[in-house]
Amino acid sequence: MALSIRRYFRTTHRRKFTRFAVERLEDRTTPTLFNPQTPFTSSFTNASDGVLADFNNDGKLDLAVAGAVSNNVTVMLGNGNGTFGGATGVASGGTNTYFLVAADLNGDGNQDIAVVNVNSTSQIAPPGTVNILLGNGGGGFTQAAGSPFQTGGNNAFGLTVADYTGDGIPDIAVCNFGNASADGQSFTGNNISVFQGTNDGSGKGTGQYTSLTTITNGLTFVPTAITSADMNADGKPDIVVCMPGIPADTNDPPIDGTIAIYLNNGTGGFTAAGTADSGGIYPVAITTGDTSGDGKPDVIVSNAGDINDLALTGQGVAVLVNSGGGNINPPTTITTSISSPFMTTAADFTGDGKIDLGVVNLGALSGSNGYVSAYANTGSSFTSADGSPYSSGSGFGAGQVIIAGDLNGDGAIDLVALGDGHKGQVLLNTTTPGASTTTSLTGSPNPSTYGTSVTFTATVTSGSGTPTGTVTFLDGATTLGTGTLSSGTATFNTSTLTVGTHSVTARYEGAGGFSTSTSSAFSQTVNGAATTTTLVGAPNPSNFGDSVTFTATVGSTAGTPTGTVTFFDGANQLGTGSLTGGTATFSTSTLTVGSHSITASYGAAGNFAGSTSSAFTQTVNGASTTTSVTGTPNPSNFGDSVTFTATVGSTAGTPT
């Protein structure tokens with residue numbers, strides 16, 4: 001990643017890099033979160049990406065490194081103690097090998113590798129390629145049929161793997177940037193290419209890929225990094241990319257980059273959603289993690305800063321909290337102990353249940369060693385971890401890659417940092433893992449009624465004593481609130497749960513030497529709040545043909561119901577009315593003469609249960625009439641036949 005970024009900016013701005021020194025990181029005797037080990041040397045040249053995975057199925061994490069200059073993937077098997085064995089080089093299938101991801105791509109239970117090759121030595125370049133390396137479960141790899149395949153754009157510059165189509169087979173997304181204009185102010189051909197993993201007929205992948213879709217909208221400048229996460233809590237992985245900003249004029253200073261989110265519809269289509277300022281200049285790497293503890297993935301971006309400026313203006317690690325629905329909040333940027341951050345990893349390093357950050361810093365644009373910084377999450381901010389920053393040792397080179405994983409099996413998350421030469425460094429976590437805990441959850445009453453208070457009780461136990469600290473209660477991914485443990489139990493009351501079934505969990509955050517744990521989901525059923533419906537009619541009694549208005553009033557102690565009321569004459573439906581302010585009306589002039597048993601039925605809606613009124617007796621009298629009579633002939637003679645005609649009339653119709 002670093003080589004291409006620097007090559008690009010050197011070409012664009014046509015300036016010479018400034019060399020500067022990093023302050024000396026002296027030996028420390030104070031507590032330290034990470035204990036740097038002796039740097040190791042391997043066959044990779046200019047590490048641009050790396051991944052930890054168990055490639056030989058021995059339960060120990062192994063290391064795979066993409067070498068941007070050596071143009072290969074170096075695999076080093078882990079010894080389970082924070083060290084790695086001999087290296088094996090695997091051909092990457094292209095040139096300028098920059099990014100890789102480990103996943104079981106063909107469903108055989110072994111970890112495979114997808115690696116992307118920029119395939120360029122200049123900005124106007126042939127298409128990038130993706131190479132699929134299928135693992136054999138013993139640490140060896142073979143190239144999948146159909147690999148390498150083209151990425152659908154020039155300068156492939158990022159790779160992520162997720163099941164975008166929901167078929168259980170991992171898919172691949174690659175971001176590509178195109179050709180630069182003469183002044184370096186714009187690029188054509190920027191896109192995100194999404195490839196679908198093919199099915200072998202049994203529901204497993206084959207390691208082969210076909211083009212699924214290409215995203216072009218919103219990619220105004222070079223997409224420099226890409227990742228996948230469910231940003232809108234719909235169960236589908238979405239795509240997040242970062243792009244550097246571009247000033248209006250080449251003589252203007254650089255501007256902040258942009259984070260863009262593309263929401264997945266589950267069938268291979270993506271829609272542009274939220275965007276935000278990256279919080280700094282030249283974002284070069286991106287990852288996600290729930291830093292805010294609300295169950296939603298937040299975005300973490302490494303802004304390298306203005307590399308033509310001695311002060312590296314705009315450098316820092318920015319955290320953008322997920323606000324839901326595919327949107328993110330403005331960034332909060334960390335600058336303490338930062339010197340051109342080049343990659344960030346997110347994990348719980350301190351064992352308190354909160355997502356912390358590990359950062360590898362470039363350290364210098366040439367000539368000086370990079371180093372690692374770590375930041376502990378307090379729940380409201382990030383502070384430098386004990387001992388941070390950590391020296392990388394002699395000959396490490398500029399910091400390029402950082403990866404997190406438990407390398408020695410002690411339950412604490414360690415770090416691996418890689419430089420731009422042949423060296424890497426393991427930083428072992430000194431945190432003593434807390435005692436294991438178990439969290440259980442109950443709710444009462446269950447079922448409950450909307451508007452009534454439900455009490456959730458979490459019980460946290462451990463074989464090593466009685467845990468203390470805080471429990472977070474969640475409704476799915478939404479935080480309901482927190483409770484403090486007392487004698488191993490914590491409670492939370494709420495009366496705001498909506499009608500329906502809620503999957504509620506309790507997450508113990510860990511404290512005082514006890515590790516985190518999360519309960520099984522507790523199914524809380526909330527029924528609609530009871531309602532009462534009353535009915536009146538006017539005028540009553542009425543005359544046949546008159547308009548009668550029936551008014552239904554629906555009430556509840558839990559609020560004002562909304563929805564629809566249906567009016568009946570016995571079993572016959574007369575019509576409906578919509579509730580406004582708790583009342584609904586219906587008017588009719590078609591009721592026949594006699595007594596009518598009218599009822600109003602409120603159908604359940606929203607958080608309210610249905611109800612039916614008592615019968616209202618509507619009396620309908622006959623319509624008034626007028627009768628007139630005439631006789632003819634008049635006058636008449638004795639013995640003549642006289643015809644009398646009576647005429648009966650009414651405003652309601654013609655009497656019979």
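Look a little higher up for the structure.
Residues numbered from 1 in each chain as written. Predicted model: local features only at pLDDT ≥ 70, side-chain atom pairs only at ≥ 80, totals over all residues. Heavy atoms only, no water.

For the rest of this paragraph, the subject is the overall build of the protein chain. Along the backbone of the protein chain there are one helix and 55 strands. Here the protein chain has a C-alpha radius of gyration of 36 Å; the compact-globule value for 656 residues is 26 Å, and the former is much larger. For the protein chain, the spread of C-alpha atoms along the principal axes amounts to about 145 × 65 × 55 Å. Looking at the protein chain as a whole, 50% of its 656 residues qualify as buried. (Helix = DSSP H or I, 4+ residues; strand = E, 2+ residues; numbered from the N terminus. Rg over C-alpha atoms; globule rule 2.2 N^0.38 Å. Buried < 20%, exposed > 50% of the residue type's maximum accessible area, 1.4 Å probe, protein only.)

The next subject is the sheet that holds strand β50 (residues 583–588). In space, the three strands of this open sheet follow the order β45-β47-β50, with antiparallel pairing throughout. Both edges of this open sheet fall to β45 (532–538) and β50, since each of them pairs with a single strand only. Strand-to-strand twist of the sheet, defined as the mean angle between neighbouring strand axes without regard to direction, takes the value 20°. As paired elements, strand β47 (residues 548–555) and β50 share six bridges and run antiparallel to each other. Within β50, the position partnered with Phe550 by the bridge is Phe586. (Pairing = 2+ DSSP bridges. Axes fitted to C-alpha atoms, helices over the stretch in contact; angles between N-to-C directions.)

What follows deals with the side chain of Ser448. Looking at where Ser448 falls in the secondary structure, it is placed in strand β37 (residues 448–449). Separated by 3.2 Å, the side chains of Ser448 and Gln524 make a polar contact. With sequence-adjacent residues up to four places away left out, Ser448 is seen in contact with Val454, Gln524, Thr525, Val526 and Asn527. (Polar contact = N/O pair within 3.5 Å; in protein donor to acceptor, adjacent residues only side chain to side chain. Contact = heavy atoms within 4.5 Å.)

Under the definition given, this model contains 16 aromatic pairs. Geometrically, the ring pair formed by Phe34 and Phe349 is edge-to-face, given 5.3 Å between the ring centres and 75° between the ring planes. You can see Phe34 sitting in strand β1 (residues 34–36) and its partner Phe349 sitting in the loop between β28 (341–347) and β29 (356–361), a full 315 residues away along the chain. A single burial state applies to Phe34 and to Phe349, both of which are buried. Relative to Phe157, the ring of Phe99 lies with its centre 5.7 Å away and its plane at 75°, an arrangement referred to as edge-to-face. Highlighted residues: Phe99 in strand β7 (residues 97–103) and Phe157 in strand β12 (residues 156–162), separated in sequence by 58 residues. Just as Phe99 is buried, Phe157 falls in that class too. Put simply, the rings of Tyr98, Phe99, Phe157 and Phe177 touch in pairs and so form one group of aromatic residues. (Phe/Tyr/Trp six-rings, centres within 6.5 Å; stacked < 30°, edge-to-face > 60°.)

The next subject is the sheet that holds strand β19 (residues 238–243). One open sheet holds the four strands; their spatial order is β18-β19-β20-β21, and the pairing between them is antiparallel. Of all strands in the sheet, those bounded by a partner on one side alone are β18 (225–229) and β21 (270–281). Along the sheet, successive strands turn relative to each other by an average axial angle of 20°, direction set aside. Note: β19 against strand β20 (residues 256–264), five bridges, orientation antiparallel. Counterpart to Met243 in the pairing with β20 is Thr258.

Attention shifts here to the nonpolar core. Among the nonpolar cores identified, the biggest contains 38 residues, and Val471 and Val565 are the most heavily contacted of them. Discounting residues that sit within four places of it in the chain, Val565 has contacts with Ala552, Val554, Gly575, Thr576, Gly577, Leu579, Ala584, Ala600, Ser601 and Tyr602. (Core = buried A, V, L, I, M, F, W, Y, C linked by side-chain atoms within 4.5 Å.)

Residue placement: Asp54 occurs in the loop between β3 (47–53) and β4 (62–67). Buried charged residue Asp54 carries no salt bridge. Nearest counter-charge: Lys60, at 9.1 Å. A distance of 3.5 Å separates a polar side-chain atom of Asp54 from the backbone nitrogen of Asn56. There is a polar contact of 3.2 Å between the side chain of Asp54 and the backbone nitrogen of Asp58. Each residue touching Asp54, except ones within four places of it in the same chain, is listed here: Gly59, Lys60, Leu61, Asp62 and Gln111. (Lys, Arg positive; Asp, Glu negative; His and termini not counted. Salt bridge = Lys/Arg side-chain N within 4 Å of Asp/Glu carboxyl O.)

This part is about the pairing of strand β8 (residues 112–117). For β8, the buried fraction is high: six of the six residues fall into the buried class. Going residue by residue along β8, you find Asp112, Ala114 and Val116 tucked away on one face and Ile113, Val115 and Asn117 tucked away on the opposite face as well. Both β7 and β8 contribute to a ladder of six bridges, which runs antiparallel. Residue pairing across strands places Leu100 opposite Val115, the latter belonging to β8. Of the pairings in the sheet, the one linking β8 to strand β9 (residues 127–135) comprises five bridges and is antiparallel in character. In the sheet register, Asn117 faces β9, and the bridge partner there is Thr129.

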